[in-house]
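# Fold and geometry: a report
Each chain is listed here by its residues.
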Amino acid sequence: MTFKTFATASCAVAALAAGSAATAQQPAAAPAAPAVTHGAAVPGLCVLSVEAAIGGSTVGRHVDTRMQQIISQVNAELNGERTAIENESKTLDTQKATLDRTTLEQRASALQVRANALQRRAAQREREVGATEQKAVARIGQEMEPVIRQVYQQRGCSVLLSRQAIVIANPAVDLTPAVVAGLNAKITQFAFDRERLDQAAAPAAAARPAATTPAPATRR
């Protein structure tokens, strides 16, 4: 017996698990770049890598660790139900020859309902994990913005460029290490949990005005 929708749900759970593994995997160390002799630093010209500043900061590593915990919790929740559905499906397959058609169809239908629900839940959890990460990174960005402004002014910068848009730059004009140090001195961690999109939608639905029935038209 095959359940097409259940297969889709299983893929959704597996995709979330794969995303967890991909996030946890550290990139391979790049080979050391050859030494470059830089010219004099251009006065007022500065560069910054926001991504490197977040990733190299203590609070950035804290967020990464917490996200791995959240993803593991989500995977444990989804995989438990997926395993239960898989076991029930296997049991039903072995009993096809002994069950009457009505009972078989009823149990198969109930199992399909569970598989559909798992698919919807997996999709929602994936959205929640994404929303959680976005909110956490936004919090880091909020904390980092005044640090960037402070370092910018301390270094006497007149223009700030993204390091990602530059092939090579003199390290003397790179504000990233100073921004990381400033961010570490300001914040190292903050508590956050997985966003609950279903709970966020409930108050919005409750706040909608109830539909009113129009009064019957009167003949003039």
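One structure accompanies this document, and this report is about it. Numbers given to residues run from 1 along each chain, matching the order in which its sequence is written. In view of the model being predicted, local features appear only for residues whose pLDDT reaches at least 70, and side-chain atom pairs are presented and counted only at 80 or more, with totals across whole chains, interfaces and linings using the full set of residues. For the side-chain quantities, the full set of heavy atoms in the structure was used; hydrogens and water were omitted.

### Digging into the nonpolar core
So the rule is basically this: Take the buried Ala, Val, Leu, Ile, Met, Phe, Trp, Tyr and Cys residues and link them wherever side-chain atoms come within 4.5 Å; each set so joined is a nonpolar core. Whether a residue is buried, partly exposed or exposed follows from its accessible area with a 1.4 Å probe, protein chains only, as a fraction of its type maximum: under 20%, in between, or over 50%, in that order. Helix and strand definitions follow DSSP, with helices as H or I runs of at least four residues and strands as E runs of at least two, each counted in order from the N terminus. Contacts are residue-level and defined by heavy atoms, with any inter-residue pair within 4.5 Å sufficient.
By size, the foremost hydrophobic cluster in this structure holds 30 residues, and its most contacted members are V63, I140, M144, L175, V179, F190 and F192. Where this core is concerned, the elements lending two or more residues are β1 (45-48), α2 (50-56), α3 (58-94), α4 (101-154) and α5 (176-186). Looking at which element gives the most residues to this core, the answer is α4, with ten residues. For L175, the residues in contact, after removing those within four places along its chain, are C46, V47, L48, V151, Y152, R155, C157 and L160.

### Here we look at α5
Structurally, the α-helix is built with 3.6 residues per turn, so residues lying three or four positions apart point the same way. Quick reminder of the rule: Arc definition: it is the arc formed by the directions from the helix axis to the C-beta atoms.
If you check which residues of α5 are buried, you get T176, V179, V180 and L183. Down the axis, α5 shows its buried residues gathered within 100 degrees of arc, on one side only. Pointing more than 90 degrees away from the buried face of α5 are the exposed residues P177 and A185. Structurally, α5 contributes buried residues whose contacts are with β1, α2, α3 and α4.

### What to know about the side chain of S49
Within the secondary structure layout, S49 lies in the loop between β1 and α2. The contact partners of S49, leaving out residues within four places of it in the chain, are R163, Q164 and T176.

### Looking at the packing of aromatic side chains
Filter applied, for reference: Any Phe, Tyr or Trp ring, taking Trp's six-membered ring, that has another such ring centre within 6.5 Å forms a pair; planes under 30 degrees apart are called stacked, those over 60 apart edge-to-face, and the others tilted. Ring-over charges, as used throughout, are those where CZ of Arg or NZ of Lys falls within 6 Å of the ring centre and within 35 degrees of the ring normal.
In this structure the tally under the stated criterion is one aromatic pair. Measuring from ring centre to ring centre gives 5.5 Å for F190 and F192, while their planes differ by 40 degrees; the resulting arrangement is tilted. As far as the burial class goes, F190 and F192 line up, both buried. A cation over an aromatic ring shows up here: R139 above the ring of F190, its NZ or CZ 4.6 Å from the ring centre.

### Digging into the pattern of salt bridges
Rule in force here: Any carboxyl oxygen of Asp or Glu within 4 Å of a side-chain nitrogen of Lys or Arg constitutes a salt bridge here.
The full count for this structure, using the stated rule, is 13 salt bridges. Note that K135 and E195 form a salt bridge whose closest N and O atoms lie 3.4 Å from each other. Remark: E195 occurs in the loop between α5 and α6 (197-207) and K135 occurs in helix α4; sequence separation between them is 60 residues. Judged by relative accessible area, K135 falls into the exposed class, the value being 52%. We note a salt bridge from E145 to R149, for which the minimum N-O separation is 3.2 Å. Of this pair, E145 and R149 both sit in helix α4, separated by four residues, roughly a single helical turn. For R149, a relative accessible area of 53% gives the class exposed. Among the charged side chains, a network of salt bridges with common partners joins E77, R121, R125, E128 and R194.

### Points about the packing of α4 against α5
Stated precisely, the cut-off is as follows: Fitting a line to C-alpha atoms yields each axis, with helices limited to the stretch in contact; the angle taken between N-to-C directions then spans 0 to 180 degrees. Orientation is classified from the angle alone, with under 35 degrees giving roughly parallel, over 145 giving roughly antiparallel, 65 to 115 giving roughly perpendicular, and any other angle giving oblique. The sense of a crossing depends on the near helix, which, turned anticlockwise from the far helix by less than a right angle, makes the crossing left-handed and, turned clockwise, makes it right-handed. Polarity classes work like this: nonpolar for Ala, Val, Leu, Ile, Met, Phe, Trp, Tyr, Cys and Pro, charged for Asp, Glu, Lys and Arg, and polar for all others, with Gly in that last group.
Here α4 crosses α5 at 125 degrees, and the two axes come no closer than 9 Å. In terms of their interaxial angle, α4 and α5 are classed as oblique. You can see that α4 and α5 cross each other, and the crossing is right-handed. Residues I140, E143, M144, P146, V147, I148 and V151 of α4 form the contact with α5, whose participating residues are A178, V179, G182, L183 and K186. Tallied by class, residues from the contact of α4 with α5 come to nine nonpolar, one polar and two charged.

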